[in-house]
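Examining the three-dimensional arrangement
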Amino acid sequence: TPTGGGHIKVYATGPIVFFDCISRIDAAGVTELDVTRATDLEELNANGNKLTTLDLSKNTKMTKALLNNALTSVVLQPALTNLNLQNNKLTSFDGTQVPNLKTLYLSNNSISTLDLSHNTSLASVYLLNMGLTSINLGANKTSKLYLSVNNNKLTTLDLTELTGLEQGRLFAMNNELTEVKYTAIGTANLSKNRLTLATIPTENIKTLTYAPQKEMEISDIDKTI
């Protein structure tokens, strides 16, 4: 338990490659973290804290960062391949900062529009509960791609350039989807959307879950259904 101002300095006789700074949910949590001098840092785990900002611009060797906090802004490092930014307060995400990403967790932020067209090496993407209305995934050709966009507000999903989905998995449950464009998908769950018998995609999908869909709104009860 730190006393005084609660500031803790970490010294090392050699390079710090891995730094673990986790707080339990019921703990006070770290509010500020400065790792700019740890230039050899390759992996940072700071989950469960109360960070609102973080600068990783000096950590040129960092490939993995786990940052479930209260972040409103973060300066990322281009070398990152594994990034976990779940459960923060981000309203935007710039994929051009991290072109080498292979795994991305962005769930439980408030990001309505997302452009990942520059992140063509992504293999696992978790984008749940974000309020997404638009997403650009670009020409991702990663084999066995895993994509989850559950619980958003998407009305259309264009996956035609994602050739990695042929042996991959798509989870797009509980959106507002009326249209899904694709080439081929291994496994897809499209339940709880607004697809009809005429618009439910069936071709070139090995395993498809589509029921139940959301209730249909009928404007004229005199019409035949």
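Residues numbered from 1 in each chain as written. Predicted model: local features only at pLDDT ≥ 70, side-chain atom pairs only at ≥ 80, totals over all residues. Heavy atoms only, no water.

**With respect to the pattern of salt bridges**
A full pass over the atoms with the stated rule returns four salt bridges. Where Glu43 meets Lys64, a salt bridge forms, and the shortest distance between an N and an O atom there is 3.8 Å. With Glu43 in strand E2 (residues 43–45) and Lys64 in strand E4 (residues 64–66), the pair connects residues that are 21 residues apart, well separated along the chain. Judged by its relative accessible area of 25%, Glu43 falls in the partly exposed class. (Salt bridge = Lys/Arg side-chain N within 4 Å of Asp/Glu carboxyl O. Helix = DSSP H or I, 4+ residues; strand = E, 2+ residues; numbered from the N terminus. Buried < 20%, exposed > 50% of the residue type's maximum accessible area, 1.4 Å probe, protein only.)

**Observations concerning the environment of Asp222**
Along the chain, Asp222 turns up in the segment after strand E16 (205–209). The exposure class assigned to Asp222 is exposed, which follows from its relative accessible area of 69%.

**Focus on the environment of Asn108**
Residue position: Asn108 is located in the loop between strand E7 (103–105) and strand E8 (113–115). What makes Asn108 partly exposed here is its relative accessible area of 33%. Each C-alpha atom, one on Asn108 and one on Asn151, is 10.0 Å from the other, the two residues being 43 residues apart in sequence. Excluding anything up to four places from it in sequence, Asn108 contacts Asn87, Asn88, Leu128, Asn129 and Met130. (Contact = heavy atoms within 4.5 Å.)

**A short note on the pairing of strand E15 (residues 185–189)**
Along any regular strand the residues' side chains alternate between the sheet's two faces. The element E15 is largely enclosed, with a buried count of four among its five residues. Judged from the three bridges that link them, strand E13 (residues 169–171) and E15 form a sheet pairing that is parallel. Across the sheet, residue Leu170 finds its bridge partner in E15, namely Ala188. Relative to E16, E15 runs parallel, the two sharing four bridges. Across the sheet, residue Ala188 finds its bridge partner in E16, namely Leu208. (Pairing = 2+ DSSP bridges.)

**Re the packing of aromatic side chains**
Between two aromatic rings, the relevant description is the distance of the centres plus the angle of the planes. Enumeration over the complete set of coordinates arrives at three aromatic pairs. Measuring from centroid to centroid gives 4.3 Å for Tyr105 and Tyr126, while their planes differ by 0 degrees, and the two rings are stacked. Within this pair, whereas Tyr105 is found in strand E7, its partner Tyr126 is found in strand E9 (residues 124–126), the two being separated by 21 residues in sequence. Measuring from ring centre to ring centre gives 5.1 Å for Tyr126 and Tyr146, while their planes differ by 35 degrees; the resulting arrangement is tilted. (Phe/Tyr/Trp six-rings, centres within 6.5 Å; stacked < 30°, edge-to-face > 60°.)

**Some details on the sheet that holds E16**
Strand pairing in a sheet is mediated by backbone hydrogen bonds. Such pairs are either parallel or antiparallel. Within the open sheet, the ten strands sit side by side as E1-E2-E4-E6-E7-E9-E11-E13-E15-E16. Their pairing is parallel. Only two strands of the sheet have a single partner each, and these edge strands are strand E1 (18–20) and E16. Direction aside, the axes of adjacent strands within the sheet are offset by 5 degrees on average. (Axes fitted to C-alpha atoms, helices over the stretch in contact; angles between N-to-C directions.)

**Overview of the side chain of Asn84**
Within the secondary structure layout, Asn84 lies in strand E6 (residues 82–84). Here the side chain of Asn84 touches Gln86 through a polar contact of 3.1 Å, landing on its backbone nitrogen. If near-sequence neighbours (up to four positions away) are discounted, Asn84 is found in contact with Ala65, Leu66, Leu67, Asn68 and Tyr105. (Polar contact = N/O pair within 3.5 Å; in protein donor to acceptor, adjacent residues only side chain to side chain.)

**A look at the side chain of Asn140**
By secondary structure assignment, the location of Asn140 is in the loop between strand E10 (134–136) and strand E11 (146–148). Residue classification places Asn140 among the buried positions, given a relative accessible area of 3%. In this structure the side chain of Asn140 is engaged in a polar contact, spanning 2.9 Å, whose partner is the backbone oxygen of Leu122. If near-sequence neighbours (up to four positions away) are discounted, Asn140 is found in contact with Asn119, Thr120, Ser121, Leu122, Leu145, Glu161, Leu162, Thr163 and Gly164.

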